[in-house]
Amino acid sequence: MSSSIPKAVLYCAPNSIWSAVALLTLYEKGYGDDEVDLRVVDISTGENFSPTFLRLNPKATVPTLVVPLQNTLGPDTESRYKAITDTKSVVEFLDKSRSAISRTNTTSSAPAPALAPATIAFSDASSKIIDSILHSEGASPSTLLYMNARDDASLQVLAKAFVPFLTSRQQALEGYISEAASGSSPISEKTKAFWKDKKAATETLLDIMIHADKTSAQLDQASRLERDDYFTNARTCWEVELKESLVKLNSQITGPYSLGDQISISDLHLAAWLARIVALSGGRMNDEGDIAITKVESHIGPEFHFVRDFAAIPAAGGAPGGLPLHQSKLAAFWDAMRERSSFKKVYCNGLY
Ligand SMILES: N[C@@H](CCC(=O)N[C@@H](CS)C(=O)NCC(=O)O)C(=O)O
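From a predicted model like this one, the values you see are computed outputs, not experimental measurements. (Residues numbered from 1 in each chain as written. Predicted model: local features only at pLDDT ≥ 70, side-chain atom pairs only at ≥ 80, totals over all residues. Heavy atoms only, no water.)

Quick notes on the nonpolar core
Argument step 1. In this structure, Tyr-230, Trp-273, Phe-343 and Tyr-347 are the most contacted members of the largest nonpolar core, which totals 81 residues.
Argument step 2. Ranked by residues supplied to this core, first place goes to helix α9 (residues 265–280) with eleven residues.
Argument step 3. Those residues within four positions of Tyr-347 in sequence are excluded, and the remaining contacts are Ala-20, Ala-271, Ala-272, Ala-275, Met-285 and Tyr-352.
Argument step 4. Counting residues in hydrophobic clusters, the runner-up holds nine residues, among them Phe-49, Leu-173, Tyr-176 and Ala-180. (Core = buried A, V, L, I, M, F, W, Y, C linked by side-chain atoms within 4.5 Å. Buried < 20%, exposed > 50% of the residue type's maximum accessible area, 1.4 Å probe, protein only. Helix = DSSP H or I, 4+ residues; strand = E, 2+ residues; numbered from the N terminus. Contact = heavy atoms within 4.5 Å.)

Focus on the side chain of Arg-338
Argument step 1. Here Arg-338 lies in helix α11 (residues 329–338).
Argument step 2. Judged by relative accessible area, Arg-338 falls into the buried class, the value being 17%.
Argument step 3. A distance of 3.2 Å separates the side chain of Arg-338 from the backbone oxygen of Asp-287, its partner in a polar contact.
Argument step 4. When neighbours within four sequence positions are excluded, Arg-338 is seen to be in contact with Met-285, Asn-286, Asp-287, Glu-288, Phe-343 and Lys-344. (Polar contact = N/O pair within 3.5 Å; in protein donor to acceptor, adjacent residues only side chain to side chain.)

Some details on α11
Argument step 1. Within α11, nine of the ten residues are buried, leaving the element largely enclosed by the surrounding structure.
Argument step 2. Buried within α11 are the following residues: Lys-329, Leu-330, Ala-331, Ala-332, Phe-333, Trp-334, Ala-336, Met-337 and Arg-338.
Argument step 3. Contacts from the buried residues of α11 go to α8 (221–252), α9, α10 (289–300), β5 (310–312), β6 (325–327) and α12 (341–346).

Side note on the site of the ligand
Argument step 1. Neighbouring the ligand are 13 residues, the closest being Asn-48, Thr-61, Val-62, Thr-87 and Arg-169.
Argument step 2. Here Asn-48 contributes a side-chain N or O atom positioned 2.9 Å from an oxygen atom of the ligand.
Argument step 3. A distance of 2.7 Å separates an oxygen atom of the ligand from a polar atom in the side chain of Thr-87.
Argument step 4. Its residues assigned to classes, the shell around the ligand shows six nonpolar, five polar and two charged. (Near = heavy atom within 4 Å. Nonpolar A, V, L, I, M, F, W, Y, C, P; charged D, E, K, R; others polar.)

Notes on unusual backbone geometry
Argument step 1. Following Val-62, the chain continues to Pro-63 via a peptide bond in cis, the omega torsion being 5°.
Argument step 2. One can find Pro-63 in the loop between α2 (51–56) and β3 (64–68).
Argument step 3. Between Gly-255 and Pro-256 the backbone carries a cis peptide bond, its omega angle lying at -5°.
Argument step 4. With respect to the helices, strands and loops of the structure, Pro-256 is situated in the loop between α8 and α9.
Argument step 5. Located in the positive-phi region is Asn-15, a residue other than glycine, with phi close to 60°.
Argument step 6. Residue placement: Asn-15 occurs in the loop between β1 (8–12) and α1 (17–29).

Quick look at the structure:
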């Protein structure tokens, strides 16, 4: 392949769950290392809010895939690009762009399995899982991360990890806002308002986290009320909204993968999303499905249990008399995903 043919560029951030979905897709599809340029966007220093990145993706999110337009693929034509700015579309694009028969821009000879669901019914089921559950507001992995404390002790642990991150994000946003105010470069009113909104949201969280080393009794009244509100919201996130999403998922997936025996697009979204939930619940990469999902159950609350209606293939040392072991579908999914080389590669340094 001529090196002058423009390549797609995938912007990702370390420890970003939706970036992990794009990476899982690259590995599952067998893209060669030289076929897509990977670029790191440092969210912790607010690089995603820079005017340069906002020109690619005004929502300031990763993954973002910048692809050369089809009719500019020739080495002699000037390249033009378009940016794909949401995870679902990025995955769909990567799926379609490398097929068993595709030659364009493909150097890898690895098999390129089709990940899109094969029928309309499967496609509907897949979209339901992706759009109505995994990318719904109530299942937001960032919110679950920021809200992963329901008492003073866990808030202290969370704050240790997050105060530096939130502080540098706030400083970056302040920098962009004041640079725009100095008028040295033209910035739209929309972008300025976006930065201000993000800064206000960051400050609200920082206010809670910055006092985390104080007990409730040591806080002034206003801060105590803020902390109480935070805990109320955190309980709603984890004990109501997430619980609902998980119950829906456990009933809507077929097992072991979302649509049955074959991996498909919705599994890539689910794998990264569930990895985040397992990680936030204290689970690890090496945990078997039953263990990982039990950790999620107990993190949500002592009374919470998934239906165990998936009959797994009996394993050595399994149920007495060789009867099938029953596990939740999510546990079966976790076991199936953990075996895959794409998952091992993305999470080689641990879950996030
Ligand atoms: N709905 C978006 C969500 C993407 C998203 O929120 N990504 C996170 C990282 S996992 C992000 O870019 N966050 C930016 C930030 O925290 O400022 C999508 O499907 O791509």
